[in-house]
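Listed below are the residues making up each chain.
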2 protein chains.
Amino acid sequence: MLVVIGLGGHALLSRGEEFDLAAQRDRAAIAARAIAEIAREHDVIVTHGNGPQVGALAVQSEPARGGGATSLDVLDAESVGMIGYLLEQELGNELDGRDVAALITQVVVDEADPAFADPTKPIGPKYTEDQAKALVFERGWSIAPEGDGWRRVVPSPRPRAIVDLRTIEILLEFGVVVICTGGGGIPVCIGADGGLHGVEAVIDKDRSAALLAEDLSADALVLLTDVDAVMADWGMPTERPIRVADPAEFEAIAFAPGSMGPKVAAACEFARTTGRPAMIGSIEDAAAVLRGDAGTTICMTGESAPSPDPPQPPRSTPRIMHLSG
Amino acid sequence: MLVVIGLGGHALLSRGEEFDLAAQRDRAAIAARAIAEIAREHDVIVTHGNGPQVGALAVQSEPARGGGATSLDVLDAESVGMIGYLLEQELGNELDGRDVAALITQVVVDEADPAFADPTKPIGPKYTEDQAKALVFERGWSIAPEGDGWRRVVPSPRPRAIVDLRTIEILLEFGVVVICTGGGGIPVCIGADGGLHGVEAVIDKDRSAALLAEDLSADALVLLTDVDAVMADWGMPTERPIRVADPAEFEAIAFAPGSMGPKVAAACEFARTTGRPAMIGSIEDAAAVLRGDAGTTICMTGESAPSPDPPQPPRSTPRIMHLSG
C-alpha cells in the first residue's frame, strides 16, 4: 500500500512556539517516529508544511537585518532544505538505514490564478498597525488584520503540476522513502519562453499533498497536524470529533480561516477524485489515524462512491508503475 | 561517459560581491548554461560550494538579528536548498524538460578527524579585532586573521561516506541530472546509538566531489571556479597556466590557504585513485575544460599510471551499474 503523509507546519513547530532549532529537531524526531511506524508496513511519501519556518526566514532575511533582497520562492527553498534535512536524518535513524531522500520540489502554479489578486496566506510575525502601514508602503506587501495585530499575507495559488514527479516515482519504485513538495512545493510559473520561473507565493501544502497522492495513485492520503480530529459543532457544548464522513457532509460547514478548512478541502478532493480514503488527525496517532482508529476518515460512502477504478486524468510524464500498486 | 562537475562557491557568487539574490540567479544561469553544454553529451552529476552563501545565512540567523540559535549543519541545509533550487530551475530550463533533481545530501565525517581540533575554513564576513574578541568570548567561535581583518573559521573534516549514494545511483540510472553534496554535503557523525547526528563543520566540497566521482566510477571529475587554470610560478614574471600534469608534479608546490590548493588536492586524489582524469578551470570554459582545450588536466602519465581498471574498494551499498559505464 502507498501512503502519502502530509505534515502540517504546526506538526513541526507548535503554535505560539518561538522559532528555535532545538524545538524544531525535537518535533522532527516525534514526526519521524510516527512516520516510521507507518513506513515499516507501507510505502511512504512525506510532504510537509513550512509556514512558521518560512516566516522566520523571511524576518531574518530582511534588509534591515543584514539580508539581501530575497523572494518567497527562494525562502521556500531554504526552509525546505532545513526541514527536509532534519526529517531525512531523523527518519533514516528510525528506519535503521533504509534509504530516505529529501528532494527540492518545484510545483507549477497558474499565473492567472485568482489567488495572485487576493493574497490570503499569513506568514511571519504579527505587526502593530504603524509597522503594518510602513511595510505596505516600503515593501508593497499585503497586510491583513489577525487577532489584535496585523500579518503579511501572500498569494496561495492552487498547485497544477509537480515538476519533479518522475524523480519521485523512480525513487518510490526502488523503495526509497521520499520527502518532497515541502511547503507545498516551490511555486513556479511557466514563462513565455516555456521555462520555469519562481513566483512570490506559498502554495497550499494540503492541496499539493492531495495532488501528489492523486498523481502517484496513492492508496491513502494522511494529513497530520496538532489536533485530534475534525470537530462537529466546534466551540459549542455539542462539540464532538467526526470519525467518518462523506465529502458531501463537509460542504455545508464553513471553516474559519487558518483552521482545518484547507485540510478538509484537500482530503475531500482526494476522496472524490480517486474514491480512496483521506484521513486527518494528530501526528502522535499517525498509525491509528491510517487504520481509522483515531482522527477523521473522509471517504466516499454509499451511492456517492465512484466505480472502484475511476478514470485517471491524462498524464504528461511517462508513468512508472508502482511495484505494490 | 559520466562526468562529476564541482562548482566552486565563487563560481556562484563572485569574490567581493555582496550576497544578493539577483546576482545569485545570474550566476546560477551562467553555471547552468555551462553545465548543460556538457550534459547534452554526457551523463552529469553536479556538486557545488556554499561558502559565501552559508556565511551570509549565518549572519542573518544571528540571535541579535532575530534568528534563533542555529548550527552549521542546518545553515548548510538551508543554503543547499536555495542553491539547489536555483540550479535545478536554470538547468531544467536549459535542458528543455530533461529531469533534474536537487537532493539534500548528508555526508559522514569522522568525529576523530583532526580538523575538529584545528578549524581552518573561513566563513562569513570580516570582523575588526574588537568584534572578533567579542565573538570568541560570547559564542565560543574560533576566529583567525585574514588580510586586514578577522574571520570565523570552522572545522573542515574529510568526507568519509556519502549517505545518499544509492539514491544518486538510482536517479543516474534513469538519466536524471542530479545536483547533490552541495556545500560538500551536510556533515554528520555516526553516534554511539548508530544514528546520524549533524555536526558543526563545513566539509571540503572538492574532496566530496572527488569522493562522489570515485564512488560513482565517474569517467572524469571537472572542478569549475572563477580562474582559468592552475598556474605555475604564481605571481612571478614566469607565471603560466599548467595545461597537463601528473599528480606527482603538484607535490612540491605549497598552495596558499584559500587558493587552488583544495581543488588540486582533490583532483590529484581522484586521478591517483582511479587512473582517470580530473580537470580544473573556469566555469565559462566548462566544455573546453572537459575536452582538455582549456584549464588544467591532471592525469596519471607514463610509469605512474595504474592499470586501466584499478581494484575498486569494497562497497557497503548494493551497486547499480551505470548504463553507459
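The paragraphs below set out a description of the structure included in this document. In this numbering scheme, every chain counts its residues from 1 along its sequence in written order. Just so you know, chain letters begin at A and ligand numbers begin at 1, following the order they were written in. Local features in this predicted model are restricted to residues whose pLDDT is 70 or higher, and side-chain atom pairs enter the listing and the counts only when it is 80 or higher, whereas totals over whole chains, interfaces and linings include all residues. Side-chain measures were taken over the full set of non-hydrogen atoms in the model, leaving aside hydrogen atoms and water.

**Some details on the nonpolar core**
Next up, step 1: Throughout this description, the term nonpolar core refers to a set of buried Ala, Val, Leu, Ile, Met, Phe, Trp, Tyr and Cys residues connected via side-chain atoms within 4.5 Å. Working definition: with a 1.4 Å probe on protein chains only, accessible area under 20% of the residue-type maximum means buried, over 50% means exposed, and in between means partly exposed. One finds A:Leu7, A:Leu91, B:Leu7 and B:Leu91 to be the most contacted residues of the largest nonpolar core, which totals 90 residues.
Next up, step 2: Aside from chain neighbours lying at most four places away, what touches A:Leu91 is A:Ala32, A:Ile35, A:Ala36, A:Val46, A:Val100, A:Val177 and A:Ile179. Whether two residues touch is decided by their heavy atoms; if any such pair falls within 4.5 Å, the residues are in contact.

**Examining the packing of aromatic side chains**
Next up, step 1: Classification of ring pairs uses Phe, Tyr and Trp, with its six-membered ring standing for Trp, and accepts pairs whose centres are within 6.5 Å; under 30 degrees between planes counts as stacked, over 60 as edge-to-face, and the remaining range as tilted. Tallied over the entire structure, the rule returns three aromatic pairs over all chains.
Next up, step 2: Look at A:Phe174 and B:Phe174: their rings are 5.8 Å apart centre to centre, the planes differ by 75 degrees, and that puts the pair in the edge-to-face class. In this pair, A:Phe174 is assigned in the loop between helix H6 (165-173) and strand S9 (177-179) and B:Phe174 in the loop between helix H6 (165-173) and strand S9 (177-179), connecting two distinct chains.
Next up, step 3: B:Phe174 gets classed as partly exposed once you look at its relative accessible area, which sits at 31%.
Next up, step 4: Both rings, one in B:Tyr127 and one in B:Trp141, keep their centres 6.5 Å apart while their planes meet at 50 degrees; by these two values the pair is tilted. Pair noted here: B:Tyr127 is in strand S5 (residues 121-127) and B:Trp141 is in the loop between helix H5 (129-139) and strand S6 (142-146), with a separation of 14 residues, a long-range link.
Next up, step 5: Of the residues examined, B:Tyr127 reaches a relative accessible area of 12% and is grouped as buried.
Next up, step 6: You can call B:Trp141 buried: its relative accessible area is 13%. Helix numbering and strand numbering both begin at the N terminus, where a helix is a DSSP run of H or I of at least 4 residues and a strand a DSSP run of E of at least 2.

**Details of the interface of chain B and chain A**
Next up, step 1: Every contact between the two is made by 44 residues of chain B and, on the other side, 44 residues of chain A.
Next up, step 2: Interface of chain B and chain A: buried area, both sides summed, is about 3,800 Å²; carbon and sulfur atoms make up 54% of it.
Next up, step 3: A carboxyl oxygen of Asp or Glu within 4 Å of a side-chain nitrogen of Lys or Arg is what we treat as a salt bridge. Along the contact surface separating chain B from chain A lie four salt bridges.
Next up, step 4: We call two N or O atoms a polar contact when they sit within 3.5 Å, provided that within protein one can donate a hydrogen and the other can accept it, with sequence-adjacent residues counted only if both atoms are side-chain atoms. Connecting chain B to chain A are 18 residue pairs in polar contact (both at pLDDT 80 or more).
Next up, step 5: If you list the elements that add at least two residues to the side of chain B that touches chain A, you get helix H2 (21-39), helix H3 (51-60), helix H4 (72-94), strand S3 (100-104), H6, strand S10 (186-190) and strand S11 (196-198) of chain B.
Next up, step 6: The element best represented in the side of chain B that touches chain A is H4(B), accounting for 11 residues.
Next up, step 7: Partitioned by chemical class, the residues of the side of chain B that touches chain A number 21 nonpolar, 15 polar and eight charged.
Next up, step 8: Here three bridges tie strand S3 (residues 100-104) of chain A to S3(B), and the two strands are oriented antiparallel to one another. Within S3(B), the position partnered with A:Ile104 by the bridge is B:Ala102. As used here, buried area is the combined drop in accessible area, with a 1.4 Å probe, of two parts when they are placed together. Residues were grouped as follows: Ala, Val, Leu, Ile, Met, Phe, Trp, Tyr, Cys and Pro as nonpolar; Asp, Glu, Lys and Arg as charged; and all remaining residues, including Gly, as polar. Each pair of strands is called paired provided DSSP finds at least two bridges between the two strands.

**Some thoughts on unusual backbone geometry**
Residues and elements named next belong to chain A.
Next up, step 1: One non-glycine residue, Thr181, adopts positive backbone phi at about 40 degrees.
Next up, step 2: By the secondary structure assignment, Thr181 is in the loop between S9 and strand S10 (186-190).
Next up, step 3: Phi at Ser217 is positive, roughly 50 degrees, even though this residue is not glycine.
Next up, step 4: Mapped onto the fold, Ser217 is located in the loop between helix H7 (205-215) and strand S12 (220-225).
Next up, step 5: Overall, Ser217 belongs to the partly exposed group, its relative accessible area being 26%.

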